Amino acid sequence: MAAARDIIQPLENRAVSYSLSVSPTTTFHSPSAGHGFAAGGLPNRAVAKALKPFNTEDIKILLLENVNQTGRDVLKRQGYQVEFLKTSLSEDELIEKIRDVHVIGIRSKTKLTEKVLREAKNLLVIGCFCIGTNQVDLAYAAKNGIAVFNSPFANSRSVAELVIAEIITLARQLGDRSLEMHRGTWNKVSSKCWEIRGKTLGIVGYGHIGSQLSVLADAMGMSVIYYDVLSLMAIGTAKQVPTLEALLQEADFVTLHVPETPETKNMISAKQLEQMKTGSYLINASRGTVVDIPALIQAMRAGKVAGAALDVYPNEPAANGDYFTSDLNIWGEELRSLSNIILTPHIGGSTEEAQRAIGVEVSDALVRYINQGTTIGSVNVPEVTLRSLTPDEPNHARVIYIHRNVPGVLRKVNEILAEHNVDKQISDSKGDIAYLMADVSDVRPDDIKDIHDSLNSLNSRILTRVLY
Ligand SMILES: NC(=O)C1=CN([C@@H]2O[C@H](COP(=O)(O)OP(=O)(O)OC[C@H]3O[C@@H](n4cnc5c(N)ncnc54)[C@H](O)[C@@H]3O)[C@@H](O)[C@H]2O)C=CC1
Ligand SMILES: O=C(O)CCC(=O)C(=O)O
């Protein structure tokens with residue numbers, strides 16, 4: 001709790017030092033259009049009042065891992081201070097840098113563990129410019145009032161298209177033929193090269209990517225079966241199978257699209273590889289921990305698995321360069337020596353289309369959260385929004401109170417707000433965390449500090465923000 005208190009202090013100290021008469025500065029712009037809504041979820045035709053008890057240039061943002069220019073532009077247009085790095089950072093470097101910032105933007109490589117987040121005394125919000133959020137300790141972040149946003153499906157199509165390319169590439173041994181030609185070797189063979197038409201694709205995890213892939217594979221004449229822990233509607237002629245084993249026994253190509261969880265760790269290991277058809281293929285573009293790679297190497301050596309495509313690895317380098325060696329993953333050399341294996345550097349979602357869309361989507365969510373307090377799309381705190389205040393509502397304040405989900409809090413909050421006119425209020429909870437927003441009218445500058453300090457003194461408090 002002490003950490004949460006510290007997190008907001010610098011921002012809020014500045015907040016209460018600005019007078020209500022300071023109108024939004026010319027540096028404020030609504031988030032870039034494209035989704036049809038202005039900040040706070042109002043249709044574009046209505047003008048949302050820019051809430052911000054701070055100079056936008058006080059907000060410090062650290063963007064790692066080469067976040068797309070579109071995302072940087074959205075944030076810079078707000079006047080925020082944006083520091084941009086192409087790579088991820090080592091844990092020590094990250095701890096040093098994160099102390100100072102209000103917002104951090106990452107992709108899949110930066111690990112925001114409890115150890116790192118403990119140092120993030122000013123951090124309000126994390127943007128994952130990707131789908132996966134396994135690299136962030138979501139529970140610790142929520143407990144400390146740090147909201148996390150991601151982009152749930154902007155790169156799904158890119159991953160699905162890569163997998164289609166890999167299915168054909170493996171079936172025709174294209175990787176090997178191409179390498180041979182690069183070395184000057186002409187090797188025209190048809191043995192163990194196949195059409196994919198009529199073959200069975202087994203999709204493990206039928207979510208955004210799995211189901212998109214299902215449509216593409218169906219259109220190419222493949223039979224699609226899938227296994228998922230949820231009972232999900234089949235698309236086209238696809239069929240859900242009851243167990244992973246059933247899928248492995250029937251599929252010619254097995255492709256993995258599950259998140260990284262304790263349950264999916266080594267989901268494909270020696271036993272599962274043994275259950276696969278002899279001469280079948282394995283594709284993993286989910287997370288590196290899902291496949292036991294030494295077991296895969298064995299299965300390929302034994303001829304059980306005829307080919308594999310891997311886009312993700314248990315250890316991935318923080319930057320581009322000659323780092324994919326046995327120093328990084330002990331089996332690196334052995335893996336590289338296998339035939340008919342496609343190794344790609346975690347590029348499933350790396351297309352211009354996906355990265356541009358993700359940049360805008362996540363940055364917009366960050367701007368809405370910073371400037372308006374709305375949490376729609378957050379993966380770790382309750383999703384809450386209120387209709388935006390408009391410029392013809394002067395002397396209004398928006399109260400945001402993130403608190404522990406314990407009995408009696410609303411009564412105490414409403415006692416504090418009771419002296420004012422509460423125009424609208426919403427509250428929701430997720431596990432131990434609750435998020436309350438209220439728009440209060442007829443607020444004088446002194447009231448803002450009072451409201452803030454009174455809420456801050458409640459035992460249940462995780463983080464208080466008052467925007468006006
Ligand atoms: N290689 C790359 O560049 C990319 C990799 N990814 C990875 O792909 C994963 C999947 O992405 P989406 O399809 O968007 O996720 P999603 O959340 O839409 O779908 C995941 C599906 O897996 C199922 N699932 C979860 N645990 C399971 C288990 N133990 N057994 C069977 N099914 C299980 C879920 O019920 C869900 O239907 C992401 O979590 C991410 O790790 C995502 C984007 C790009
Ligand atoms: O593009 C990236 O950096 C990560 C892609 C990915 O794995 C994801 O979106 O979960």
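Everything numeric in this text was worked out from a predicted model, so none of it was measured.

Rules used in this analysis
- Here the residue index of a chain counts from 1 through its sequence in written order.
- Starting at A for chains and at 1 for ligands, labels are handed out in the order in which the entities are written.
- Given that the model is predicted, a residue must reach a pLDDT of at least 70 before its local features are reported, and side-chain atom pairs must reach 80 or more before they are shown or counted; all residues, however, enter totals for whole chains, interfaces and linings.
- Only hydrogens and water are set aside when side-chain values are computed; all heavy atoms of the structure are taken into account.
- UniProt positions are given in the numbering used here, feature names are shortened, and annotations may be inferred rather than shown by experiment.
- Counting from the N terminus, the helices are the DSSP runs of H or I reaching at least four residues and the strands are the DSSP runs of E reaching at least two.
- Classification of residues uses two cut-offs on accessible area relative to the type maximum, computed with a 1.4 Å probe and protein chains only: under 20% is buried, over 50% is exposed, and between them is partly exposed.
- The pairing criterion for strands is at least two bridges between them, as found by DSSP.
- As used in this structure description, the phrase polar contact means that two N or O atoms lie within 3.5 Å; if the pair is within protein, one of them must be able to donate a hydrogen and the other to accept it, and residues adjacent in sequence are counted only when both atoms belong to side chains.
- Any residue with a heavy atom positioned within 4 Å of a molecule or strand is treated as near that molecule or strand.
- Only the protein chains shown count as covering a residue, and every accessible area follows the Shrake-Rupley method with a 1.4 Å probe.
- Gly falls in the polar group here, along with every residue not listed as nonpolar (Ala, Val, Leu, Ile, Met, Phe, Trp, Tyr, Cys, Pro) or charged (Asp, Glu, Lys, Arg).
- Pairs of residues are marked as contacts when any of their non-hydrogen atoms sit within 4.5 Å.
- For every element, the axis is a line fit to its C-alpha atoms; helices are fit only across the contacting stretch, and the angle between N-to-C directions ranges from 0 to 180 degrees.

J.: Help me understand the UniProt feature "domain: ACT" (unreviewed entry) in the protein chain in this model?
T.: The residues that UniProt annotates with the feature "domain: ACT" (unreviewed entry) are residues 398–468. Secondary structure across residues 398–468 comprises 30% helix and 46% strand; the distance between its end C-alpha atoms is 6 Å.

J.: Would you mind showing me how to read the pairing of strand β17 (residues 433–441) here?
T.: With nine of nine residues buried, β17 is to be regarded as a mostly interior element. On β17, burial covers both faces: I433, Y435, M437, D439 and S441 on one face and A434, L436, A438 and V440 on the other are all buried. Taken together, the nine bridges between strand β16 (residues 421–430) and β17 define a ladder with antiparallel strand orientation. Its bridge partner being in β17, Q425 is matched across the sheet by A438. Hairpin connection from β16 to β17: two residues lie between these consecutive antiparallel strands, with G431 at a positive phi of about 60°.

J.: I would appreciate a short explanation of the environment of N144 in the present structure.
T.: Here N144 shows up in the loop between α5 (138–143) and β7 (147–149). Expressed as a C-alpha distance, the spacing of N144 and R172, which sit 28 residues apart in the sequence, is 51 Å. Side-chain polar atoms of N144 contact the backbone oxygen of Y140, separated by 2.9 Å.

J.: What is the right way to read the site of ligand 1 from this model?
T.: In the vicinity of ligand 1, 26 residues are found, and the nearest of them are H208, I209, D228, A285 and D311. Within the side chain of H346, one N or O atom sits 3.5 Å away from an oxygen atom of ligand 1. The separation between an oxygen atom of ligand 1 and a polar main-chain atom of G349 is 3.1 Å. The fraction of the free accessible surface of ligand 1 (870 Å²) that becomes covered by protein chains is 86%. By residue class, the composition of the shell around ligand 1 is 13 nonpolar, ten polar and three charged.

J.: Just checking my understanding: could you explain the sheet that holds strand β11 (residues 253–256) for this structure?
T.: Hydrogen bonds along the backbone pair up the strands of a sheet, which may run parallel or antiparallel. Spatially, β10-β9-β8-β11-β12-β13-β14 is the arrangement adopted by the seven strands of the open sheet, whose pairing is parallel. Among the strands making up the open sheet, the edge pair consists of β10 (239–240) and β14 (341–343). By the bridge criterion, three bridges tie strand β13 (residues 305–310) to β14 in an arrangement that is parallel. Bridging from a neighbouring strand, L310 pairs with L343 of β14. Helix α6 (residues 156–171) rests against β8 (200–204), β11, β12 (280–284), β13 and β14 of the sheet, and its axis sits at about 150° to β12. Packed on one face of the sheet, helix α8 (residues 208–219) meets β8, β9 (223–227) and β11 and runs near 170° to β8.

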